[in-house]
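Results of the structural survey
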Amino acid sequence: MEESRQLESSIDRLLNEEKQMRLAENVAGTRKAATEILKLCFEAKDWKLLNEQILNLSKKRGQLKQAVQSMVQQAMQYIDQTPDIETRVELIKTLLNVSAGKIYVEIERARLTKKLAKIKEEQGLIAEAADLMQEVAVETFGAMAKTEKIAFILEQVRLCLDRRDFVRAQILSRKINPRVFDADTKKEKKKPREGDNMVEEAPADIPTLLELKRIYYELMIRYYSHNNEYIEICRSYKAIYDIPSVKENPEQWIPVLRKICWFLALAPHDPMQSSLLNATLEDKKLSEIPDFKMLLKQIVTMEVIQWTSLWNKYKDEFESEKNMIGGSLGDKAGEDLKLRIIEHNILVVSKYYSRITLKRLAELLCLTTEEAEKHLSEMVVSKALIAKIDRPSGIICFQIVKDSNEILNSWATNLEKLLDLVEKSCHQIHKETMVHKAALRA
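To start, this report covers the structure provided alongside it. Quick caveat: nothing in here was measured; it's all calculated off a predicted structure.

As a further point, take the overall build of the protein chain. Regarding its fold elements, the protein chain presents 20 helices and 3 strands. For the protein chain, whose C-alpha radius of gyration is 35 Å, the value lies well above the compact-globule estimate of 22 Å for 442 residues. The principal-axis extent of the C-alpha atoms belonging to the protein chain is close to 130 × 70 × 45 Å. Every one of the 442 residues in the protein chain was classed for burial, and the buried ones make up 38%. Sequence separation of 24 or more characterises 62% of the internal contacts of the protein chain that already satisfy a separation of 6 or more. Surface accessibility of the protein chain: about 27000 Å² in total, with carbon and sulfur atoms responsible for 51%. With 69 positive and 68 negative side-chain charges, the protein chain shows a spacing of 4 Å between the two charge centroids.

With that settled, consider the packing of helix α17 (residues 333-352) against helix α18 (residues 358-365). The angle between the axes and the distance between the axes are what describe a pair of packed helices. It is the contact of α17 with α18, at a shortest axis distance of 10 Å, that shows an interaxial angle of 130°. Our classification of the angle between α17 and α18 gives oblique. Seen from above, α17 lies across α18 with right-handed handedness. For the pair formed by α17 and α18, the contact residues are I342, N345, I346 and V349 on the first element and L361, L364 and L365 on the second. Tallied by class, the residues present in the contact of α17 with α18 amount to 6 nonpolar, 1 polar and no charged.

Next up on the list: the side chain of H375. Relative to the helices and strands, H375 is located in helix α19 (residues 369-381). Using a relative accessible area of 13% as the deciding quantity, one classes H375 as buried. For H375, the residues in contact, after removing those within four places along its chain, are L339, I342, I346 and L367.

Attention now goes to the sheet that holds strand β3 (residues 395-397). On the basis of which strands lie adjacent, the open sheet formed by 3 strands has the order β1-β3-β2 and antiparallel pairing. Looking at strand neighbours, the two that pair on one side only are β1 (355-357) and β2 (388-390), the edges of this open sheet. Averaged over all pairs of adjacent strands, the angle between strand axes in this sheet comes to 25°, irrespective of strand direction. Taken together, the 3 bridges between β1 and β3 define a ladder with antiparallel strand orientation. Paired with R355 across the two strands is C397, which belongs to β3.

Moving on to the pattern of salt bridges. Going through the model one piece at a time under the given rule, you end up with 20 salt bridges. For R340, the salt bridge is made with E343, and the minimal N-O distance between the two is 3.0 Å. Residue R340 and its partner E343 are both found in helix α17; the two are separated by 3 residues, about one turn of the helix. Residue classification places R340 among the buried residues on the basis of a relative accessible area of 13%.

Rules and cut-offs
Residues numbered from 1 in each chain as written. Predicted model: local features only at pLDDT ≥ 70, side-chain atom pairs only at ≥ 80, totals over all residues. Heavy atoms only, no water. Helix = DSSP H or I, 4+ residues; strand = E, 2+ residues; numbered from the N terminus. Rg over C-alpha atoms; globule rule 2.2 N^0.38 Å. Buried < 20%, exposed > 50% of the residue type's maximum accessible area, 1.4 Å probe, protein only. Contact = heavy atoms within 4.5 Å. Areas by Shrake-Rupley, 256 points an atom, 1.4 Å probe, with all protein chains shown as cover. Lys, Arg positive; Asp, Glu negative; His and termini not counted. Charge placed at Lys NZ, Arg CZ, Asp CG, Glu CD. Axes fitted to C-alpha atoms, helices over the stretch in contact; angles between N-to-C directions. Parallel < 35°, antiparallel > 145°, perpendicular 65-115°, else oblique. Left-handed = near helix turned anticlockwise from the far one by under 90°. Nonpolar A, V, L, I, M, F, W, Y, C, P; charged D, E, K, R; others polar. Pairing = 2+ DSSP bridges. Salt bridge = Lys/Arg side-chain N within 4 Å of Asp/Glu carboxyl O.

This is the structure in structure tokens:
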């Protein structure tokens, strides 16, 4: 009781002092008096009184911004020292209430929201945690450090992925420009000019820019895996592979390079896939995993691949990916790999044949005629190749049917080339004749 009375009398004395300083607009004095009140409550371990005083002081008429900012920052130091979760949540909610709508404590509010979201996540309330994080738009905070902003947005994306809200996860991920990770961190920071907004230093627990790059692309792999966007997954792994810390460590780059090779094999044939495939084959480090170099060479080479022999060779490697960095390739990956090999074989056949029977195509692909026709039709629909099937006669034609104008234009071009060759030949004959005549006269 005696201690309680002493605390009340000390707080009353400081409240009077705070009032005088506030009315006199003494920033340092108001700030000191307000923080001393909070300190007394904390030392007495009276958490209820602490919450009351924070609310009371922040609502005082004409309360100075600096005093509110100091109070919030002071109270944030006490969060980790609370005796239980309920007290911690209550203190965080009090501080969030005080900082609501105040630009000068927006960074503190963002950090408090992150703490509360983490508690909710630990309690298994992922949807609530995600909703809390989405309320804060850190990209508009001018004074927040770049790395802290990125880390906050990545946390928002992660929570959306955890609750399987893929649409919102994509929207949030677009707030980060991947080019920001390529910024040169070694360059010295320019000293701020007078009148410039001061950017706060990021807290110690915030990862570096390169660590954030890896987190970002790992989250993007999770997002693209939802729709089996293999080429985008491959590009994400390529970005992780290019991180210096990964390239220097064989234990890290070998599993990542394996993933790049697998997803290149799984990606549908298009210019992007072809470009990445050739760039990966030129990588000297690929020779350290020869089986995967052979896999990519088979895909590049215009020869029919036997699916059974290929699967027997790579089945163990495919299944061992579960224990590698990034985990398994997905449930559909095995089926999609077979589909890609069939598509590759159809493209090879279209290069070597202008016309072929459906039966012969099915034999080359080791499929039934119905399956061969189905896969060929799908490729024609997706515009991967041009073909026409004469179903009554069972003949496939890979030639492009030209209209009359194209045929006439090609003839005209050929005639022009022929006449040009004739003219050059006549000129050479005339030249040789003149040289011989001159030699005879001499």
